[in-house]
Amino acid sequence: MDRSRGINDYEPGPVPSESRVDRYGFIKQNVSNSSAAEGLGKSREARRVRKWRKMIGVGGSDWKHYVRRKPHVVKRRIRKGIPDCLRGLVWQLISGSRDLLLMNPGVYEQLVIYETSASELDIIRDISRTFPTHVFFQQRHGPGQRSLYNVLKAYSVFDRAVGYVQGMGFLAGLLLLYMSEEDAFWLLVALLKGAVHAPMEGLYQVGLPLVQQYLFQFEHLVSEHLPKLGEHFSREMINPSMYASQWFITVFSYSFPFPLALRIWDVFLFEGVKIVFKVGLALLKYCHDDLINLSFEKLIHALRNFPEDAMNPDILLPMAYSIKVSRSLGESKIEYEKQNRKPKIEA
Amino acid sequence: MAYKVDHEYDYLFKIVLIGDSGVGKSNILSRFTRNEFCLESKSTIGVEFATRTLQVEGKTVKAQIWDTAGQERYRAITSAYYRGAVGALLVYDITKRQTFDNVLRWLRELRDHADSNIVIMMAGNKSDLNHLRAVSTEDAQSLAESEGLSFMETSALEAFNIEKAFQTVLLDIYQIIRKKALAAQESASGTGVPQGTTINVNNMSDNANKKPCCST
């Protein structure tokens, strides 16, 4: 019944000075000139925030009404990026997690305080290995690590069949940078249980069934949209599990630049998993002419280390939006299900 | 995947890094391929990959190493990578008994999914944390003997025995392959059939330059 075994002692560690972290709280790897670019857009950002505030109303009171009346305006604005200061609130509104929270008062507290989970030690093992370069999560046993532990433990109790799986920490960690523990927990529930879009829990269930399906579908999309590259990949024996598993399991939060990950999450929460396929395809498309000339080892390296310009959200995302995937995803899902039913019948 | 190719390298050996989560597999890989160690490393999601080319008995050998996520749930993805592997580094953490107790489960995994004559090195990692030791060297040694594994304690942090562990695996693989080649050669000459693709075991690449690390 111990609230957070092993995470009880608070050890104040060195907190890096402000100038050493970027605007999102990550320790700067090298000093870049991005702050100058950030300054330029400040007045435009202020205008955007005003527009957004009007759209969502006080505490989100006008949101549902607005979405019903002008869904296309909302979609367009989200695709341009949610203002950072409103992100936490808007994410809760578009994911349906706010409703879950209101319908389940006291449940989170119950899960955190009174329940024990079989995954506690697994979670503790990974806590310091989740966003280790972010100030909030860096401090050993600090508030960031405690919240992360609590959210993951609560989820592992909430759905004991799924429990805790590596990768979930990156989702929870990302959310915790924008909202409270309890809000983050319910957003995780909304995603995995499918409050608005298809449930994501298959990414983490035994056998990782949804990962396998998504990788199959992604391979199809590559050969359909980038046939030459698809052929090159199969000649070089490259398959999506070698580079894209993390894209799906952590929705690009594991190793992509944070500004890009946030913009993807804005769209992901509103439009669903399709955007993950689209961004993946856009990355390959952007680097197509380089990738097509690389052999196996260099390919693997390139597919894990995309050039900086490819990961600029204002270049990559418009490209991603222009790619149509719905029809192909539908077809490849049917085919995947057919292929995976067969062996069982024959056996 | 033990290929003989006549450019860049003489042999390509596929090696897998397996073992429980948090035992230090990714740091063993980065120490071996880039001579780097990262205290703030993230848990591995799925698989990672790196290579290094080195000399074994005068031959240029490229080690192609797949580093796998350790959590049991991930075996659904990672076990596919055992196929074609000729070597495995099975890692446990000397400060965590459970990770050693699970070695037998990992061996079963290898026997189910990998080649039957795969060369296995058991590595007791984090030997720098001797004051927190929970697995004695003797226990590990006797397990290694009864299971027919090579064994070494290693420290990715202190760069202790990492090089040696991989060198040993690669040498064992090389010797197995050489033996097979010789046997093939003998049986071929015994039946009088000319053998077109025997592997040359003469030291033809004595002065081959050591290739730099391929991964950046």
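These numbers were taken from a predicted model, which means no experiment stands behind them.

## Thoughts on the overall build of chain A
Part 1 of the reasoning: Each helix and strand counted, chain A has 21 helices and 0 strands in total.
Part 2 of the reasoning: Taking all 347 residues of chain A together, 52% fall into the buried category.
Part 3 of the reasoning: Of the contacts made within chain A by residues no fewer than 6 positions apart, 76% connect residues no fewer than 24 positions apart.
Part 4 of the reasoning: Only carbon and sulfur atoms are counted for the fraction: they give 53% of the accessible area of chain A, which is about 16,500 Å².

## A closer look at the nonpolar core
Part 1 of the reasoning: One finds W63, W91 and L284 of chain A to be the most contacted residues of the largest nonpolar core, which totals 145 residues.
Part 2 of the reasoning: Two domains share this core, each providing at least three of its residues, namely domain 1 (84-198) and domain 2 (209-340) of chain A.
Part 3 of the reasoning: Among residues more than four places away in sequence, those in contact with L284 of chain A are F218, V222, L226, L229, F233, Y243, L291, L303 and F306 of chain A.
Part 4 of the reasoning: In this structure, Y11, M152, I173 and Y174 of chain B belong to the second largest nonpolar core, which totals 30 residues.

## Some words on the packing of aromatic side chains
Part 1 of the reasoning: In the structure shown here, the tally under the stated rule is 41 aromatic pairs over all chains.
Part 2 of the reasoning: Ring centres of F216 of chain A and Y336 of chain A lie 5.2 Å apart, and the angle between their planes is 55°; on these two criteria the pair is classed as tilted. With F216 of chain A in helix α13 (residues 209-225) and Y336 of chain A in helix α21 (residues 326-346), this residue pair connects regions lying 120 residues apart in the sequence. With respect to burial, F216 of chain A and Y336 of chain A carry one shared label: buried.
Part 3 of the reasoning: Look at Y11 of chain B and Y174 of chain B: their rings are 5.6 Å apart centre to centre, the planes differ by 75°, and that puts the pair in the edge-to-face class.

## A few points about helix α5 (residues 87-95) of chain A
Residue and element names in this part refer to chain A.
Part 1 of the reasoning: Within α5, 8 of the 9 residues are buried, which leaves the element mostly enclosed by the surrounding structure.
Part 2 of the reasoning: Along α5, the positions that sit buried rather than exposed are R87, G88, V90, W91, Q92, L93, I94 and S95.
Part 3 of the reasoning: Where α5 ends, the next residue or the one after it, G96, has phi of about 80°, a positive value.

## What about the pattern of salt bridges?
Part 1 of the reasoning: In the structure shown here, the tally under the stated rule is 28 salt bridges over all chains.
Part 2 of the reasoning: Between D99 of chain A and K64 of chain A there is a salt bridge whose closest N-O contact spans 3.2 Å. Of this pair, D99 of chain A sits in helix α6 (residues 97-103) while K64 of chain A is found in helix α3 (residues 63-69), placing the two residues 35 residues apart along the sequence.
Part 3 of the reasoning: When its relative accessible area of 48% is taken as the criterion, K64 of chain A is described as partly exposed.
Part 4 of the reasoning: Across the pair E48 of chain B and R304 of chain A runs a salt bridge, and its minimum N-O distance is 3.0 Å. Within this pair, whereas E48 of chain B is found in strand β3 (residues 47-56), its partner R304 of chain A is found in helix α19 (residues 296-304), the two belonging to separate chains.
Part 5 of the reasoning: You can call R304 of chain A partly exposed: its relative accessible area is 23%.
Part 6 of the reasoning: Residues participating in the shared-partner salt-bridge network are D122, R125, D126 and R129 of chain A.

## Brief notes about the interface of chain B and chain A
Part 1 of the reasoning: Contact with chain B, which involves 26 residues of that partner, is made by 35 residues of chain A.
Part 2 of the reasoning: Summing the contributions of chain B and of chain A, the shared interface buries around 2,600 Å²; its carbon and sulfur component is 53%.
Part 3 of the reasoning: On the chain B side of the contact with chain A, K42, I45 and R73 of chain B bury the most area, a combined 28% of that side's loss.
Part 4 of the reasoning: There are 2 salt bridges connecting chain B and chain A.
Part 5 of the reasoning: Between E297 of chain A and K62 of chain B there is a salt bridge, with its nearest N and O atoms 2.8 Å apart.
Part 6 of the reasoning: Considering only residue class, the side of chain B that touches chain A consists of 11 nonpolar, 10 polar and 5 charged.

## Description of the domain arrangement of chain A
Residues and elements named next belong to chain A.
Part 1 of the reasoning: As far as domains go, chain A holds domain 1 (84-198) and domain 2 (209-340).
Part 2 of the reasoning: Once you take the C-alpha centre of each, domain 1 and domain 2 turn out to be 26 Å apart.
Part 3 of the reasoning: The partner domain 2 presents 15 residues to the 17 residues of domain 1 that form the contact.
Part 4 of the reasoning: Of all residues in domain 1, I94, L174 and H197 bury the most surface against domain 2, accounting for 33% of the area lost on that side.
Part 5 of the reasoning: For the pair domain 1 and domain 2, the interface holds 1 salt bridge.
Part 6 of the reasoning: Between D266 and R87 there is a salt bridge, with the nearest N and O atoms lying 2.8 Å from each other.
Part 7 of the reasoning: Summed over the shared surface of domain 1 and domain 2, the number is 4 residue pairs in polar contact (both at pLDDT 80 or more).
Part 8 of the reasoning: Within the residue set of the side of domain 1 that touches domain 2, elements represented by two or more residues are α5, α11 (168-176) and α12 (181-193).

Rules and cut-offs
Residues numbered from 1 in each chain as written. Chains lettered and ligands numbered in written order. Predicted model: local features only at pLDDT ≥ 70, side-chain atom pairs only at ≥ 80, totals over all residues. Heavy atoms only, no water. Helix = DSSP H or I, 4+ residues; strand = E, 2+ residues; numbered from the N terminus. Buried < 20%, exposed > 50% of the residue type's maximum accessible area, 1.4 Å probe, protein only. Contact = heavy atoms within 4.5 Å. Areas by Shrake-Rupley, 256 points an atom, 1.4 Å probe, with all protein chains shown as cover. Core = buried A, V, L, I, M, F, W, Y, C linked by side-chain atoms within 4.5 Å. Domains from an automatic or database assignment. Phe/Tyr/Trp six-rings, centres within 6.5 Å; stacked < 30°, edge-to-face > 60°. Salt bridge = Lys/Arg side-chain N within 4 Å of Asp/Glu carboxyl O. Buried area = accessible area lost by both parts, 1.4 Å probe. Nonpolar A, V, L, I, M, F, W, Y, C, P; charged D, E, K, R; others polar. Polar contact = N/O pair within 3.5 Å; in protein donor to acceptor, adjacent residues only side chain to side chain.

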